There are 2 protein chains.
Amino acid sequence: MEFFPSSLDNLIDCFARLPGIGRKTAQRLAFFVLRLPREEAEAFAHAILEARESVRYCSVCQNLTDGEICPVCASGKRDGSVICVVADPKDVAAIERARDFAGLYHVLHGVISPMNRVGPDDIKVKELLARVSRGGVSEVIMATNPDTEGEATAMYISRLLKPLGVRVTRLAYGIPVGSNLEYADEATLFRALEGRREM
Amino acid sequence: MEFFPSSLDNLIDCFARLPGIGRKTAQRLAFFVLRLPREEAEAFAHAILEARESVRYCSVCQNLTDGEICPVCASGKRDGSVICVVADPKDVAAIERARDFAGLYHVLHGVISPMNRVGPDDIKVKELLARVSRGGVSEVIMATNPDTEGEATAMYISRLLKPLGVRVTRLAYGIPVGSNLEYADEATLFRALEGRREM
């Protein structure tokens, strides 16, 4: 690409390296940034550095935070005897939006995936075991995704946790609220029937 | 969004302000940046500032450049008597890729669009007129897009140019090379027939 000024080419390259951003989209984004008011371009550059510098893992639950301990772990109002294990910080955000869970979290930052060469040591499993071993935990809710890898990860971790004398549960499977039975897949319907409850 | 650290939220906001980037995509991009090696995050931030600072309009053709005059205008090998008028710097890149045009360019940075409140004074029309008035130009090729606004802009500018005694031409319409007649629209086929040439 010798047709744009080199600093513009360079910015296009940077955008094109982002996941899911092709060359054409990268061009469009770079041109947009060129036309931003100077303060906004500076704010953007600063936001990248600031996030990269200040965001770290909470020393208790491994969620992202810009302090030493995340707001959930630091809050005195949460029930420390229940830990909800999720694969990703975005899952914490999703569960928090439901406004019903009052316990703490543990973020694995991934799932076990032999296909992608991710083993138990590549995700935050031993931090979870250490945390539960320290005592005071009565229940661990496995809230990894209901897919093969999430399932296998939940299974693997629950086997390690049970000898520690803690109750291990799994999120319920079933038909999503607001969905249409007609379009539910067989596996989901099977699980929904299996898990049926008294009305 | 109180579930992510504020510096991460801030970065997500920055990405979400880019055109065509929704909230979910912005999240994905921000998480990717968080995981970048420090040097790469710094290079990204620097690229934004550098492009915003150094890229300006060529004083001759208004194309983007990081010097005073763009490489095309500065080249001694181009024919200054032919000017190809395009709407956007990306169009210069497209025509340069064809490797056939040896003249100079003029970048309008937009097209006249009453719907979007873009008038002739909002694009680089008067710079083109001044350039042609200075003499030495024999032909101006209107290479705006073959859509309503590109057409109207070409028409408007050609009316201003003709009194200056310069030849004004328009890119040929026709069926695209490598395409399939079956899928050509009627307007294109009409133009292709109208513009047919001896073999």
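Undergrad: Please explain helix α3 (residues 38-54) of chain B as it appears in this structure.
TA: Given 3.6 residues to a turn, an α-helix orients residues that are three or four positions apart in the same direction. Its 17 residues give α3 of chain B an end-to-end C-alpha distance of 24 Å, which sits within 8% of 24 Å, the value for a rise of 1.5 Å per residue. What α3 of chain B keeps buried is the set A41, F44, A45, A47, I48, A51 and S54 of chain B.

Undergrad: What am I meant to see in the pairing of strand β4 (residues 103-107) of chain A here?
TA: Along any regular strand, the residues point their side chains to alternate faces of the sheet. Residue and element names in this part refer to chain A. With five of its five residues buried, β4 lies for the most part within the structure. In this sheet, β4 lies alongside strand β3 (residues 79-86) in parallel orientation, the contact comprising five bridges. Of the residues in β4, the one forming a bridge with D79 is G103. A crossover connection joins β3 to the parallel β4 through helix α5 (residues 89-97); in handedness this β-α-β unit is right-handed.

Undergrad: In this structure, what is going on with the environment of L164 of chain B? I would like to understand it.
TA: Residue and element names in this part refer to chain B. Mapped onto the fold, L164 is located in the loop between α7 (148-161) and β6 (167-170). The exposure class assigned to L164 is partly exposed, which follows from its relative accessible area of 40%. Sequence-wise, L164 and L36 are 128 residues apart; in three dimensions their C-alpha atoms are separated by 56 Å.

Undergrad: Could you clarify how one ought to interpret the packing of aromatic side chains in this entry?
TA: The relative placement of two aromatic rings is captured by the distance of their centres and the angle of their planes. Counted according to the given criterion, the structure contains nine aromatic pairs over all chains. Measuring from centroid to centroid gives 6.5 Å for F15 of chain B and F44 of chain B, while their planes differ by 40°, and the two rings are tilted. One end of the pair, F15 of chain B, is in helix α1 (residues 6-16); the other, F44 of chain B, is in helix α3, and 29 residues separate them in sequence. Both residues of the pair, F15 of chain B and F44 of chain B, belong to the buried class. Clustering of aromatic rings is evident, with ring pairs tying together F15 and F44 of chain A together with F15 and F44 of chain B. Over the ring of F31 of chain A we find K90 of chain B; its NZ or CZ atom is 4.6 Å from the centre of that ring. Taking NZ or CZ as reference, R191 of chain B lies 4.2 Å from the ring centre of Y173 of chain B, over its face.

Undergrad: I'm lost on the domain arrangement of chain A in this one. Help?
TA: Bring the parts together and some accessible area is lost; that lost area is often taken as the interface size. For chain A, the assigned domains read domain 1 (6-54) and domain 2 (71-171). Once you take the C-alpha centre of each, domain 1 of chain A and domain 2 of chain A turn out to be 35 Å apart.

Undergrad: When you look at the pattern of salt bridges in this model, what are you seeing that I'm missing?
TA: Once their charged atoms are close, side chains differing in charge can pair, the charge on each being opposite to the other. All names here are of chain B. Here the structure, examined in full by the defined rule, presents ten salt bridges over all chains. Between R23 and D13 there is a salt bridge, with its nearest N and O atoms 3.0 Å apart. With R23 in helix α2 (residues 23-34) and D13 in helix α1, the pair connects residues that are ten residues apart, well separated along the chain. A salt bridge links R170 to E151; the shortest N-O distance between them is 3.2 Å. Linking R170 in strand β6 with E151 in helix α7, this pair joins segments that are 19 residues apart in sequence. Using a relative accessible area of 22% as the deciding quantity, one classes E151 as partly exposed.

Undergrad: Looking at this structure, how should I read the interface of chain A and chain B?
TA: Of the residues lining the interface, 51 residues belong to chain A; the matching set on chain B comes to 51 residues. Both faces combined, the contact of chain A with chain B buries some 4700 Å², and carbon together with sulfur accounts for 71% of it. Contact with chain B buries area across many residues of chain A, yet F3, I48 and R52 of chain A alone supply 14% of it, more than any other trio. At the junction of chain A and chain B, the tally comes to two salt bridges. R38 of chain B is paired through a salt bridge with E53 of chain A; the nearest N and O atoms lie 2.9 Å apart.

Undergrad: Just to check I follow, could you spell out the packing of helix α1 (residues 6-16) of chain A against helix α2 (residues 23-34) of chain A for this structure?
TA: Between two packed helices, both the angle of their axes relative to each other and the distance between the axes serve to describe the pair. Residue and element names in this part refer to chain A. At a minimum axis distance of 8 Å, the contact between α1 and α2 shows a crossing angle of 125°. Put simply, α1 runs oblique to α2. Relative to α2, the crossing made by α1 is right-handed. Counted together, L8, D9, L11, I12, D13, F15 and A16 of α1 and R23, A26, Q27, L29, A30, F31, V33 and L34 of α2 form the full contact between these two elements.

Undergrad: Explanation requested: empty space enclosed by the protein in the structure shown.
TA: Any empty space left between atoms is shown by rolling a water-sized probe over those atoms. Evaluated as defined, the whole model comprises one cavity of 30 Å³ or more. Here the largest cavity is characterised by a volume of approximately 60 Å³. In terms of lining residues, the largest cavity is bounded by F32, L36, E40 and F44 of chain A together with C14, R17 and L18 of chain B. Looking at the lining of the largest cavity, its residues break down into five nonpolar, no polar and two charged.

Undergrad: Looking at this structure, how should I read the sheet that holds β3 of chain A?
TA: All names here are of chain A. Read from one edge of the open sheet, four strands run β4-β3-β5-β6, paired in parallel fashion. What marks the edges here is a single partner per strand, and that holds for β4 and β6 (167-170). Geometrically, the sheet is characterised by an average inter-axis angle of 25° between neighbouring strands, direction not taken into account. The pairing of β3 with strand β5 (residues 139-142) spans four bridges and is parallel. By the bridge assignment for β5, I83 is matched with V140. Helix α6 (residues 125-133) rests against β3, β4 and β5 of the sheet, and its axis sits at about 150° to β4. The sheet strands contacting helix α7 (residues 148-161) are β5 and β6, and the helix crosses β6 at an angle near 170°.

Cut-offs and rules
- Residues numbered from 1 in each chain as written.
- Chains lettered and ligands numbered in written order.
- Predicted model: local features only at pLDDT ≥ 70, side-chain atom pairs only at ≥ 80, totals over all residues.
- Heavy atoms only, no water.
- Helix = DSSP H or I, 4+ residues; strand = E, 2+ residues; numbered from the N terminus.
- Expected span 1.5 Å × (residues − 1).
- Buried < 20%, exposed > 50% of the residue type's maximum accessible area, 1.4 Å probe, protein only.
- Pairing = 2+ DSSP bridges.
- Right-handed = clockwise from strand over helix to strand, strands pointing away.
- Phe/Tyr/Trp six-rings, centres within 6.5 Å; stacked < 30°, edge-to-face > 60°.
- Lys NZ or Arg CZ within 6 Å of the ring centre and 35° of its normal.
- Domains from an automatic or database assignment.
- Salt bridge = Lys/Arg side-chain N within 4 Å of Asp/Glu carboxyl O.
- Contact = heavy atoms within 4.5 Å.
- Buried area = accessible area lost by both parts, 1.4 Å probe.
- Axes fitted to C-alpha atoms, helices over the stretch in contact; angles between N-to-C directions.
- Parallel < 35°, antiparallel > 145°, perpendicular 65-115°, else oblique.
- Left-handed = near helix turned anticlockwise from the far one by under 90°.
- 1 Å grid on protein atoms, 1.4 Å probe; cavity = no way out; pocket = protein on both sides within 12 Å on 5 of 7 lines; lining within 4 Å.
- Points joined across faces, edges and corners; volume = space filled by probe spheres on them.
- Nonpolar A, V, L, I, M, F, W, Y, C, P; charged D, E, K, R; others polar.

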